[in-house]
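Below are the chains, spelled out letter by letter.
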Amino acid sequence: MSVSPSARRLVQRVLVGIVIPVVVVVLWQILCQRGVFPSDLLPAPSAICQAFLAMGSNGTLWADVDATCVRLVLGFVFGALAGLVLGALVGFFETLEWLIDPMIQSVRSVPSLAWVPLFILWMGIGEGSKITLIAVGVFFPVYLATMNGIRYVDRKLLEVGQVFRFPRWKLIWRITIPSSLPAIFTGLRAGLGLGWMFVVAAELMGASQGLGYLLETGQNTYAPELIVGSIVLFAILGKVSDGILRVLERRLLHWHDSFGNRETGWPQTRGSLDTQAPGH
Amino acid sequence: MLEIRELTKVFKNGKVAFEDISFRVGPGDIVGILGPSGCGKSTLLRVIAGLEQAESGVVSFYGQQAGSQIQDAVGVIFQEPRLMPWLPVSDNVSFGLQASRKTRHQEASAILEKVGLRGYELFYPRQLSGGMAQRVAIARALVASPDILLLDEPFSALDAFTRMQLQDLLLEIWAENRCTLPLVTHDIDEALYLCNTIVVMQGQPGRVAEVVTLPADRLHTRDLESLADVKKSIFNILKLQGASLASRQSRTAPQSTGSSLTVSEPIPSNTTSGGM
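Overview of the structure. (Residues numbered from 1 in each chain as written. Chains lettered and ligands numbered in written order. Predicted model: local features only at pLDDT ≥ 70, side-chain atom pairs only at ≥ 80, totals over all residues. Heavy atoms only, no water.)

## A closer look at the overall build of chain B
When you go through chain B residue by residue, the secondary structure sums to eight helices and 11 strands. Per-residue burial over chain B gives 55% buried out of 276 residues. Of the contacts made within chain B by residues no fewer than 6 positions apart, 70% connect residues no fewer than 24 positions apart. Put simply, chain B shows about 11600 Å² of open surface, and 49% of that area lies on carbon and sulfur atoms. (Helix = DSSP H or I, 4+ residues; strand = E, 2+ residues; numbered from the N terminus. Buried < 20%, exposed > 50% of the residue type's maximum accessible area, 1.4 Å probe, protein only. Contact = heavy atoms within 4.5 Å. Areas by Shrake-Rupley, 256 points an atom, 1.4 Å probe, with all protein chains shown as cover.)

In structure tokens:
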């Protein structure tokens, strides 16, 4: 049974990538057992695992993870959609930029937590205000990236379409949108990162479920294993969600220079490469 | 076929790109538009292509005055390949085609074969060398089978070896299709090799200094010895200063749609023009 080179490289990368986390956890465990860290401030990894396994087996942990993920996904979808639509409109129409971009830019500089009281006033402390806050966080990077991606599409590529007498919609569909996808994806990933920040802020301001709520509970009940465990879970979830976007990005943007992995990027062709490259 | 009459282009900043350009291109001609950088020759080509509008003057195809839109029969090859990086080679080639996926694929393959890139259908632009990418660009322009193929310094970004290969490829394609090829270049040797007529532009703003018609028995030869006197006369034209250019221009401009200088007398077998 043969393993493809790219699969072997992936395994290698993962193995190298987990070296430091493993070393840290082992050291941490040893130091805790020796009593170097007071266990009421920094519990041992084993204690955290026990606490979370117990919560996992009685189901409360999944309800918390589920609540946080649903909020994040909904906030991300609404924020990203708004960012894409407005960013595209402002990117395409210069007048619209003059009209709304100054306002959006000034709203952007409002610290995110400043929105919290207003949203609670408007929507109560239910899901609505939380999802809105997350959406606001996701919106700005997506909006900016989309606007810039569309604005700075290469004029030289557009001329190729003009020479073929493409109508405007076809120029947009076949040139502007594909060429701005790399920028848009960068914005989406930045937006997702901010979304995770905002989901914690939203849950800290009053929730009865969710990882942020778990953080707060840990603080109020003097249970450091809840706090540290939630932080670790946030790290894992953030990494997984970013990984999903990265897989999508690779799928859609494999042509892009930044994925320039020439050895693995060559598709199969009929015939030999060397003899067929007269222009080389 | 293609006629330019008293064409003048002024940039938005008020700078005049070229003025009072007139010449005529016959069907199947390869016409070089030769001149130093800054004389507006690329802009002239862009105006002919319809990518930019002239201030005054007329561009007409087949005696029909071109409006503001881009002409059906016109294809353009730019200095850079300008391939869509997200499309594989075959989709880049068929970019301008409106047909079913299968037809587009077949046509792309047929033309790729012609430009020597069979088997590269699934490659992406970033995997191609400069010369290969420019071949794809040539294929993309050819797939729409244009009557007039405008070339804007198409080989200037390539190394000398690749450039010669692609010049020969262009002549092969021309021999087959007999399309009309207005070619902007700053390379005198390239113009002498490829073209049968050379429009020499000079000055800022650019004007037509001369229209040189090459002797019919000296076309498409890399033997530049036999074209030494033509080359010398072009050198002389390009060295003209502004004042004498203006007086020459005023003499020849109204009739310059034809050929004002025809170098068709037999060339002495023993060319002794040194200092090339």
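That covers the picture; the talk isn't over yet.
## Quick word on the packing of aromatic side chains
Going through the model one piece at a time under the given rule, you end up with nine aromatic pairs over all chains. Taking the centre distance of 6.2 Å and the plane angle of 45 degrees together, the rings of Phe 119 of chain A and Trp 122 of chain A count as tilted. Placement of both Phe 119 of chain A and Trp 122 of chain A in helix H6 (residues 115-123) is noted, with a separation of three residues, approximately one turn of the helix. With a relative accessible area of 58%, Trp 122 of chain A lands in the exposed category. Here the aromatic cluster, defined as three or more aromatic residues joined through ring pairs, consists of Trp 115, Phe 119 and Trp 122 of chain A. Stacked on the ring of Trp 174 of chain B, the Lys or Arg Arg 178 of chain B has its end atom at 4.1 Å from the ring centre. (Phe/Tyr/Trp six-rings, centres within 6.5 Å; stacked < 30°, edge-to-face > 60°. Lys NZ or Arg CZ within 6 Å of the ring centre and 35° of its normal.)

## Description of the nonpolar core
Membership of the largest hydrophobic core comes to 94 residues, with the highest contact counts inside it found for Leu 133 and Ile 175 of chain A together with Leu 2, Ile 21 and Leu 44 of chain B. If you tally residues by element for this core, the top one is helix H9 (residues 168-204) of chain A, at 12 residues. Excluding anything up to four places from it in sequence, Leu 133 of chain A contacts Ser 112, Trp 115, Val 116, Phe 119, Phe 198, Ala 201, Ala 202 and Met 205 of chain A. Counting 52 residues, the second largest nonpolar core, distinct from the first, contains Val 115, Ala 137, Cys 179 and Ile 234 of chain B. (Core = buried A, V, L, I, M, F, W, Y, C linked by side-chain atoms within 4.5 Å.)

## Some details on the sheet that holds strand E5 (residues 64-65) of chain B
The strand order E2-E1-E4-E5 (chain B) describes an open sheet built from four strands, whose pairing is antiparallel. Because the sheet does not close on itself, it has two edges, and the strands there are strand E2 (16-25) and E5 of chain B. (Pairing = 2+ DSSP bridges.)

## Considerations on the pattern of salt bridges
Counted by the stated rule, this structure contains 21 salt bridges over all chains. Across the pair Arg 82 of chain B and Glu 159 of chain A runs a salt bridge, and its minimum N-O distance is 2.8 Å. Of the two residues, Arg 82 of chain B sits in the loop between strand E6 (74-77) and helix H2 (89-93) while Glu 159 of chain A sits in helix H8 (residues 155-163), which places them in two different chains. Judged on exposure class, the residue Arg 82 of chain B and its partner Glu 159 of chain A are both buried. A salt bridge links Glu 176 of chain B to Lys 114 of chain B; the nearest nitrogen and oxygen atoms lie 3.3 Å apart. (Salt bridge = Lys/Arg side-chain N within 4 Å of Asp/Glu carboxyl O.)

## A short note on the packing of H9 of chain A against helix H10 (residues 211-220) of chain A
Residue and element names in this part refer to chain A. The N-to-C vectors of H9 and H10 enclose an angle of 55 degrees; their axes lie 7 Å apart at closest approach. Looking at the two axes, H9 sits oblique to H10. Between H9 and H10 lies a crossing of right-handed hand. Across from Val 200, Glu 203 and Leu 204 in H9, the residues of H10 making contact are Leu 211, Gly 212, Tyr 213, Leu 215 and Glu 216. When the residues that make up the contact of H9 with H10 are grouped by side-chain class, the tally is five nonpolar, one polar and two charged. (Axes fitted to C-alpha atoms, helices over the stretch in contact; angles between N-to-C directions. Parallel < 35°, antiparallel > 145°, perpendicular 65-115°, else oblique. Left-handed = near helix turned anticlockwise from the far one by under 90°. Nonpolar A, V, L, I, M, F, W, Y, C, P; charged D, E, K, R; others polar.)

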